[in-house]
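Observations on chain architecture
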Amino acid sequence: MVDSGGLWTPPEDELGEALQTAQVLIEEGRADEAGPYQQRVIELARERASDRPDHYEAKHLMAATQYELAGSLNASGRHEEALAALHEAQLGYTELSDAGVLDATSFLADVRARRAMTQAHRGWGATAVLEMDGAVIAYGQLVGGPDSVHHQPDFARVLAMNALILRRYGDPDLAVASADAAVQLFLQLAGQINESAQSLSYARYLCSATAVSADIHAAESRLDLALEADEIGLSTADTLADSESATDLRTLVAALARKGRHLNQVGRVLEGENCLRTAFATDEEAAQRVIDELDRGIPPSLRTALETAEIKLGPFEQYYRLLALSEPAPGMTLATVSGRTDPESACIRAAELAELVRPLLAHDAETALTLGLEAHYLFAISSERESQRMRYETSTYAPIWARLLLDISEAYHSAGQTEMALDLAGWSAEVATALIPFTASNTEVADLAGSCYRHHGDLLAAKGDFLASQHAHEAAAQLQV
């Protein structure tokens, strides 16, 4: 959402008209049509700031509109352009923060959250999980601060976004915790949200949170909780459909289909079939999409994957230490990967998880990839938080991380999930770069780093990015000199 409570006030001229039109289209669920108006706002604001380096109002408007433009580009399927717009928004907000004219904490968290959704849209799920993790943590700190009331609706929004990403690319236990927290917060703030200019946007996020909640509770046979979430989602979607937006109508159809399926599961077949008939009669494609998603089920949780690993591999010494990751760390709410443990312990647990991945890949790829992703997330969080172990014991942990990334990227590639494979290959190349200081004295590390670069280069070439592929292969070749 474009922020209007900061440095600028929309002017009464062409810029103001373009901005207002874009905001109306977004609120009506027509974000894909708002892009040209947002581009014009950015162009006009840039003209006003060109001769005045201290024109912070215009710079704020540019950053805010770049953020909104990314949402419109995502709605049009232009995800690479959306990432570029978010980069510009981040630069703008950082400049304002560095100048001391704006506390950009929430704005930068929003940029990170939208970047996470953009990465998820294009299939880069591992990066999406970690980006959203950072956004949730940032908002969690804001709602614990002096301006808590102001930030609570957006904390609920970010929790809902987090749930969507974790449902697909993370632990469903984390996803449902995040979704349920979002739903409860939205309901508690109903009065405040209904008076907000962004009330329709918040309602859409509430619908997405109830969908995740209902799906996962139903998959785990908690059908009473699933139907509670369905009821909230359907009621909200029904109200949204009055907007006459095609997007909001599809949300209503999805809510009907989801509730119909869950009613059938509890034996309320007549009610369930009525919901399903209405959904399919209104928009057959949207209804079928929900049914297909429910039929695919949910990925294994960390707890389930560890239990399966013990069956497939036999008892292993670190089982109970790793199982403890499925419970929140002291003082944490378990709705993010970073809530599993502290940064110092994260890399230790990640290494223990990584030990299981390669032996499991031959027996149960789904379980192996679940554990592999969780290990990667813990390594990445430990690294981002600059833990002492990741900083001063790089030669111990980085090779384990690089090998893990190489293994699971190759497994995703073999399974035909090329975008996820490329995402993880990019991470492996980054970790390989951290290994460079150790390659001169250790040929195994040099070979590993070279393998990471080559694999990344191969996937880049398959995608058609030949220049980046060439650079990756050149980096690999330099390690063999």
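Residues numbered from 1 in each chain as written. Predicted model: local features only at pLDDT ≥ 70, side-chain atom pairs only at ≥ 80, totals over all residues. Heavy atoms only, no water.

The name an unreviewed UniProt entry assigns to the chain is Tetratricopeptide repeat protein, from the organism Kribbella lupini.

Here we look at the overall build of the chain
Helix and strand content of the chain: 23 helices and zero strands. Relative to its length of 481 residues, the chain is compact, with a C-alpha radius of gyration of 23 Å against a globular reference of 23 Å. Long-range pairs, those at least 24 residues apart, make up 65% of the contacts in the chain with a sequence separation of at least 6. Total accessible area on the chain is roughly 21,300 Å²; 50% of this is exposed by carbon and sulfur atoms. (Helix = DSSP H or I, 4+ residues; strand = E, 2+ residues; numbered from the N terminus. Rg over C-alpha atoms; globule rule 2.2 N^0.38 Å. Contact = heavy atoms within 4.5 Å. Areas by Shrake-Rupley, 256 points an atom, 1.4 Å probe, with all protein chains shown as cover.)

Let's talk about the pattern of salt bridges
Counted by the stated rule, this structure contains 32 salt bridges. The residue Arg114 makes a salt bridge to Glu68 at a minimum N-O spacing of 3.9 Å. On the criterion of sequence distance, the pair formed by Arg114 in helix α5 (residues 105–121) and Glu68 in helix α3 (residues 56–75) is long-range, its members being 46 residues apart. Across the pair Arg258 and Asp215 runs a salt bridge, and its minimum N-O distance is 2.7 Å. Here Arg258 is found in helix α12 (residues 246–265), whereas its partner Asp215 is found in helix α10 (residues 199–219), with 43 residues between them in sequence. Summarising the burial analysis for this pair, Arg258 and Asp215 share the class buried. In the salt-bridge network here, residues are joined through shared partners; they are Arg112, Arg115, Glu131, Asp133, Glu384 and Arg385. (Salt bridge = Lys/Arg side-chain N within 4 Å of Asp/Glu carboxyl O. Buried < 20%, exposed > 50% of the residue type's maximum accessible area, 1.4 Å probe, protein only.)

A closer look at the packing of helix α6 (residues 125–143) against helix α7 (residues 148–169)
Angle between the axes and distance between the axes are the two parameters that describe a pair of packed helices. Relative orientation of the contacting elements α6 and α7 amounts to 160°, with a least axis distance of 9 Å. Between α6 and α7, the angle is such that the two are roughly antiparallel. Here α6 and α7 pass one another in a crossing that is left-handed. Class assignment for the residues of the contact of α6 with α7 results in 15 nonpolar, six polar and two charged. (Axes fitted to C-alpha atoms, helices over the stretch in contact; angles between N-to-C directions. Parallel < 35°, antiparallel > 145°, perpendicular 65-115°, else oblique. Left-handed = near helix turned anticlockwise from the far one by under 90°. Nonpolar A, V, L, I, M, F, W, Y, C, P; charged D, E, K, R; others polar.)

Quick look at helix α22 (residues 443–463)
Owing to its 3.6 residues per turn, the α-helix brings residues three or four apart onto one side. Between its terminal C-alpha atoms α22 stretches 30 Å, which fits the 30 Å expected from 21 residues at 1.5 Å a residue. Those residues of α22 not exposed but buried are Val445, Ala446, Leu448, Ala449, Gly450, Cys452, Tyr453, His455, His456, Gly457, Leu459 and Leu460. Close packing links the buried residues of α22 with α20 (394–414), α21 (418–439) and α23 (466–478). A side-chain oxygen of the first residue of α22 lies 3.0 Å from the backbone nitrogen of Glu444; this N-cap is Asn442. Phi turns positive, to about 100°, at Gly464, one or two residues after α22. (Expected span 1.5 Å × (residues − 1). Polar contact = N/O pair within 3.5 Å; in protein donor to acceptor, adjacent residues only side chain to side chain.)

A look at the packing of α5 against α7
α7 packs onto α5 with a crossing angle of 25° between their chain directions and a minimal axis gap of 11 Å. The angle between α5 and α7 falls in the class roughly parallel. Along this stretch, α5 crosses α7, giving a crossing that reads as left-handed. Between α5 and α7, the contacting residues are Ser106, Asp110, Ala113, Arg114, Ala116, Met117 and Ala120 on the first element and His151, Arg157, Val158, Met161, Leu164, Ile165, Arg168 and Tyr169 on the second.

Comments concerning helix α17 (residues 343–361)
Here α17 contains 19 residues, and its C-alpha end-to-end distance of 27 Å stays within 8% of the 27 Å for a straight helix at 1.5 Å per residue. Where α17 is concerned, the buried positions are Ser345, Ala346, Cys347, Arg349, Ala350, Ala351, Glu352, Leu353, Ala354, Leu356, Val357 and Leu360. Where α17 is buried, its residues touch α15 (302–313), α16 (319–323), α18 (365–384), α19 (388–392) and α20. One side-chain oxygen at the N-terminal end of α17 lies 3.0 Å from the backbone nitrogen of Glu344; it belongs to Asp342.

Considerations on the nonpolar core
The biggest cluster of nonpolar side chains holds 102 residues, and the ones touching the most others in it are Met132, Ile165, Leu306, Leu353, Leu371 and Phe379. For this core, the element with the most residues is α6, which contributes 11 residues. Beyond its immediate stretch of four places on either side in the chain, Phe379 contacts Cys347, Ala350, Ala351, Met390, Tyr397, Ile400, Trp401 and Leu404. In terms of nonpolar packing, the next biggest core, distinct from the first, is built from 22 residues, Leu227, Leu234, Leu276 and Ala287 among them. (Core = buried A, V, L, I, M, F, W, Y, C linked by side-chain atoms within 4.5 Å.)

Re the side chain of His455
One can find His455 in helix α22. Judged by relative accessible area, which is 10%, His455 ranks as buried. With residues up to four places along the chain from it excluded, the contact list for His455 reads Leu406, Ser409, Glu410 and Ala425.

What about the environment of Arg258?
A residue is classified by how much of its surface remains accessible, and Arg258, at 7% relative accessible area, is buried. Residues Arg258 and Cys275, spaced 17 residues apart in sequence, show a C-alpha to C-alpha distance of 8.6 Å. Excluding residues that lie within four positions of it along the chain, Arg258 makes contacts with Ala211, Ala214, Asp215, Asp230, Val290, Glu293 and Leu294.

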